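Below are the chains, spelled out letter by letter.
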Amino acid sequence: MTMSAGWYLRRLSRMGPREVAGRAGDAVRRRRWRAAPPPDCPSVTGARFTAVLPAGTVAAVPPDAAKRLVAEADRLMDGHAEFFGVVRDDLADPDWRYDPKTGRRAPQGYAFDVPYRDEDAVGDIKQIWEPSRHQYLTVLAAAYAVTGNERYAERVAGHLRSWWAANPPLRGVHWTSGIELGIRLLSWVWIRRLLDGWPGAAALFEGDPVALHQIWHHQRWLAAFPSRGSSANNHVIAEAAGQFAAACAFDWFPASARWRADALRSLERHLRANTFPSGLNRELASEYHGLVLELGLAAVAEADAAGVPVPATVRLVLLRMTDALAAVVDDRLRPPRQGDADDGHGLVVDGAGTDRWASLLATGDAVFGRLAWWPEVTGTDVRTPLLAALCGPARLSVSRPASRPAHFADAGMTILRGPEGIWCRCDGGPHGFLSIAAHAHADALSVEVRHDGVDVLADPGTYCYHGQPAWRRYFRSTLGHNTLELDGGDQSVSGGPFLWTRHARSRVLAADTSGASSHGTARWCAEHDGYRPSTHRRRVELSAAERELRVVDEVLGPRRPVRLAFHLGPAVGAELVGNLAELTWTRDGEDRSAVLVLPGELTWRAHRGETEPPLGWYSAGFGRKEPTTTLVGTGVADGLRGFTTVLTFRG
């Protein structure tokens, strides 16, 4: 996907003067860097790595978590891996510029000349970037740490040397994006830490001039080109966390103290800016909540390992994020599927089958302590004992929620809960974060409903970013969510794949979440102005006694064409007759069912797996999609009648 002149103008219109000036300075610096070869790394003598794990840490890793880790490492040793739905068997000797999805190889010119958004020229950039985050190498390094088997360490060393040789500073696609450099630095810190018992560890890092050159240039790049202004979202957190971790653990350079101080200031500032006071991430994208929390915890661990004081506000934000995560997950510890999701992680040391969200909550328990209302966390992981061993006591004298929060007023998120794991997320919050709302979807007033962890009314997910514009438009469209569409258009106006030029404004009018827990009724009501001059208002009621969810949509304003969509989860079968749908699914071998009575004022049709245009799809993870059933009602909103939908669970 290439960016048009119109896109650049729209993007410029979302920037303030300070951001424009900063980006102009970046452009000048890029031209200056192109004109001269990259400088040599300053001379380093007597470098030692001291940020090691405390004695006994690895022995505390639970045996079943270690078993999953080693199984994953063995698959990697055989060359097998999967990135975003694409299975690879070439990871024993990877081509760092190859995209197996399209078969293309990225060019190796000056980094800032590489058109990484153009799939025709480069390939799928996510497929190329992901292995070079080196998080599969942290898995191999962790396998060495728990087994002592040197074949894992030798494979890590071989791949690092291969990458360093193939990707000299400022050459090629791996030097184009700060988030990639930041996460890669964090991976290198942990690789060095996990390989500490291996005789070749020092020679691989502090004893290797090539490694020192790479580490120094990564930090020089991040200091020069931070994400700015309207782009200062999760990317700037990754940049600051990686820069800070490297400046703590690899503090061998004349600029290390300055890089460390600057990165810590940036991290503290942007953690606060990216997080609501309630603890939810301002991008209103659950996976980025997880990514930012992982990065923040990893940064605090580095600070404590290095004895670097961290402002109390950093730990406070991470504490609130952890409590917020505990509050919003369903009975199976799954968070909302809200906004963009690209399967990004901050630190990976676990094998397949380890639950990401349970792991984060386990780490939160170890670092901050769990509250009585937190959901029970089952399962084990490798990451928690490693991070907990480095993190010092939090010592935060702050109040924490006495009971489980259900309404997050600042984020506009409300969770209604009923018996038997009935879980409903109602969205009445801001469209997204910053002026471009890069990772937002046009999903105002959407609902997401689960029963015992099964998606019944599902948020379809994300699927892709670059290269497939029709699919990108669908998965973040209004029609692609459980909400109401007018005039065949989105509530908010898109200016590009990560750019919204007009944002729908939502407000919650009422939220009473107490009723369902006492066998009564929980209620929520909100409205948005995305279809001016009309207003879309939605009321949701969850009756615990009846196990019934009632959704009432009103359109206040002139007569307009309307479509109302309900997306079923991929496990749910549906038989639609008129305006009545019989829903069936299985959970843990037990048959479950529900009845969905749809508004009779609309004409209903079931869609599944359609491609022209896309409709009836579910993306369980980035790069993966599967057909599912979407029920769409068409008709007219006349400003007089509402549309009532009733979902009743049978068992």
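Refer to the preceding data block for the structure.
Residues numbered from 1 in each chain as written. Predicted model: local features only at pLDDT ≥ 70, side-chain atom pairs only at ≥ 80, totals over all residues. Heavy atoms only, no water.

Q: Is there a simple way to explain the packing of aromatic side chains in this structure?
A: Given two aromatic rings, their pairing is described by the distance between the two centres and the angle made by the two planes. In the structure shown here, the tally under the stated rule is 24 aromatic pairs. Here Phe250 and Trp252 contribute two aromatic rings whose centre-to-centre distance is 5.0 Å and whose plane-to-plane angle is 40 degrees, an arrangement assigned as tilted. With 5.1 Å between their ring centres and 75 degrees between their planes, Tyr474 and Phe475 make a pair best called edge-to-face. Classification of Tyr474 by relative accessible area gives buried; the value is 5%. Residue classification places Phe475 among the buried residues on the basis of a relative accessible area of 1%. Counting every residue linked through ring pairs, the aromatic cluster contains Phe49, Trp163, Trp164, Trp188, Phe205, Phe250, Trp252 and Phe253. Stacked on the ring of Trp33, the Lys or Arg Arg220 has its end atom at 3.8 Å from the ring centre. (Phe/Tyr/Trp six-rings, centres within 6.5 Å; stacked < 30°, edge-to-face > 60°. Buried < 20%, exposed > 50% of the residue type's maximum accessible area, 1.4 Å probe, protein only. Lys NZ or Arg CZ within 6 Å of the ring centre and 35° of its normal.)

Q: I keep staring at the pattern of salt bridges and nothing clicks. Help me out?
A: Should their charged atoms come close, side chains of opposite charge can pair. A full pass over the atoms with the stated rule returns 52 salt bridges. Linking Arg23 and Glu19 is a salt bridge whose minimum nitrogen-to-oxygen distance equals 2.8 Å. Here Arg23 pairs with Glu19, and both are found in helix α2 (residues 17–35), just 4 residues apart, close to one helical turn. Accessibility expressed as a relative area gives 29% for Arg23, which makes it partly exposed. Classification of Glu19 by relative accessible area gives buried; the value is 7%. Residue Asp26 is joined to Arg228 by a salt bridge in which the shortest nitrogen-to-oxygen separation is 2.9 Å. Of the two residues, Asp26 is situated in helix α2 and Arg228 in the loop between α10 (209–224) and α11 (234–249); the sequence distance between them amounts to 202 residues. In this structure Asp26 comes out as buried when scored by relative accessible area, which is 5%. A residue is classified by how much of its surface remains accessible, and Arg228, at 24% relative accessible area, is partly exposed. In the salt-bridge network here, residues are joined through shared partners; they are Asp330, Arg334, Arg425, Glu448, Arg450, Asp455 and Asp459. (Salt bridge = Lys/Arg side-chain N within 4 Å of Asp/Glu carboxyl O. Helix = DSSP H or I, 4+ residues; strand = E, 2+ residues; numbered from the N terminus.)

Q: Before we go on, may I ask you to explain the sheet that holds strand β19 (residues 580–587) in this structure?
A: Strand pairing in a sheet is mediated by backbone hydrogen bonds. Such pairs are either parallel or antiparallel. The strand order across the open sheet formed by 8 strands is β13-β14-β15-β16-β27-β20-β19-β18, and the pairing between neighbours is antiparallel. Only two strands of the sheet have a single partner each, and these edge strands are β13 (506–512) and β18 (573–577). Averaged over all pairs of adjacent strands, the angle between their axes in this sheet comes to 15 degrees, without regard to strand direction. Pairing of strand β15 (residues 535–543) with strand β16 (residues 548–556), which is carried by 9 bridges, proceeds in the antiparallel orientation. (Pairing = 2+ DSSP bridges. Axes fitted to C-alpha atoms, helices over the stretch in contact; angles between N-to-C directions.)

Q: What am I meant to see in the environment of Arg383 here?
A: Assignment of secondary structure puts Arg383 in helix α16 (residues 383–390). The class for Arg383 is buried, based on a relative accessible area of 6%. It is 42 Å that separates the C-alpha atoms of Arg383 and Val595, two residues lying 212 residues apart in sequence. Apart from residues no more than four positions distant in its own chain, Arg383 is found in contact with Glu294, Leu347, Val349, Asp350, Arg356, Ser359, Leu360 and Thr363. (Contact = heavy atoms within 4.5 Å.)

Q: Looking at this structure, how should I read the sheet that holds strand β7 (residues 422–427)?
A: Taken in spatial order, the 5 strands line up as β5-β6-β7-β8-β9 in an open sheet, and their pairing is antiparallel. At either margin of the open sheet sits one strand with a lone partner, and together these are β5 (407–408) and β9 (454–457). Relative to β9, strand β8 (residues 447–451) runs antiparallel, the two being bridged by 3 bridges. Opposite Arg450, over in β9, you have Asp455 as the bridge partner. Most of the contacts of helix α14 (residues 312–328) go to strand β6 (residues 413–417), to which it runs at about 40 degrees, and overall it touches β5, β6 and β7.

Q: How should the pairing of strand β12 (residues 499–502) be read in this particular structure?
A: The side chains of a regular strand alternate between the sheet's two faces. Across 3 bridges, strand β11 (residues 493–496) lies against β12 in antiparallel orientation. Across the sheet, Val493 pairs through a bridge with Arg502, a residue of β12.

Q: Any chance you could explain the packing of helix α8 (residues 178–194) against α10 here in plain terms?
A: Geometrically, a packed helix pair is captured by the angle between its two axes and the distance between the axes. Relative to each other, α8 and α10 sit at 140 degrees, their axes nearing to 10 Å. Relative to α10, the element α8 lies oblique. Helix-helix and strand crossings are classified by hand; for α8 and α10 the assignment is left-handed. Touching Gly178, Leu181, Gly182, Arg184, Leu185 and Trp188 of α8 are Gln214, Ile215, His218, Gln219, Trp221 and Leu222, all from α10. (Parallel < 35°, antiparallel > 145°, perpendicular 65-115°, else oblique. Left-handed = near helix turned anticlockwise from the far one by under 90°.)

Q: Even after reading the chapter, I still don't get unusual backbone geometry, so can you show me in this structure?
A: Among all residues except glycine, the phi angle is most often negative; among peptide bonds, the trans geometry is most common. With an omega of 10 degrees, the peptide bond running from Arg532 to Pro533 counts as cis. Along the chain, Pro533 turns up in the loop between β14 (521–528) and β15. A cis amide bond links Glu612 to the next residue, Pro613, at an omega of 0 degrees. As for its position among the elements, Pro613 is in the loop between β22 (610–611) and β23 (614–615). The phi dihedral of Asp452 is positive, around 55 degrees, even though this residue is not glycine. Position of Asp452 among the secondary structure elements: in the loop between β8 and β9. Take Asp452: its relative accessible area is 15%, and that puts it in the buried class.

Q: I tried to follow helix α13 (residues 286–306) on my own but got confused; where do I start?
A: Working note: α-helix, 3.6 residues per turn, so residues spaced by three or four point in the same direction. When the terminal C-alpha atoms of α13 are compared, their 31 Å separation across 21 residues agrees well with the 30 Å that a helix rising 1.5 Å per residue should span. The buried fraction of α13 is high, at 17 of 21 residues. Looking at the residues trailing α13, positive phi occurs at Gly307, about 70 degrees. (Expected span 1.5 Å × (residues − 1).)

Q: Whenever I open this one, the packing of helix α12 (residues 256–273) against α14 confuses me. Can you help?
A: Following both chains from N to C, one finds α12 and α14 inclined at 35 degrees, their axes separated by 9 Å at the closest point. The element α12 and its partner α14 pack so that their crossing is left-handed. Residue-level contacts link Glu268, Leu271 and Arg272 of α12 to Thr313, Val314, Val317 and Leu318 of α14. A class-by-class count of the residues in the contact of α12 with α14 yields 4 nonpolar, 1 polar and 2 charged. (Nonpolar A, V, L, I, M, F, W, Y, C, P; charged D, E, K, R; others polar.)

Q: So what exactly am I meant to see when it comes to α11 here?
A: Taking 1.5 Å as the rise per residue, α11 with 16 residues should run 22 Å; its terminal C-alpha atoms sit 22 Å apart, in good agreement. The element α11 is extensively covered by neighbouring structure, given that 15 of its 16 residues are classed as buried.

Q: Mind showing me how you'd approach the pairing of strand β20 (residues 590–597) here?
A: Alignment of β19 against β20, held across 8 bridges, turns out to be antiparallel. What sits directly across from Thr586, in β20, is Asp591. Once β19 ends, the chain turns through 2 residues before running back antiparallel as β20, passing Asp588 with a positive phi of about 55 degrees. Of the pairings in the sheet, the one linking β20 to strand β27 (residues 643–649) comprises 4 bridges and is antiparallel in character. If you follow Ala594 over to β27, its bridge partner there is Phe649.

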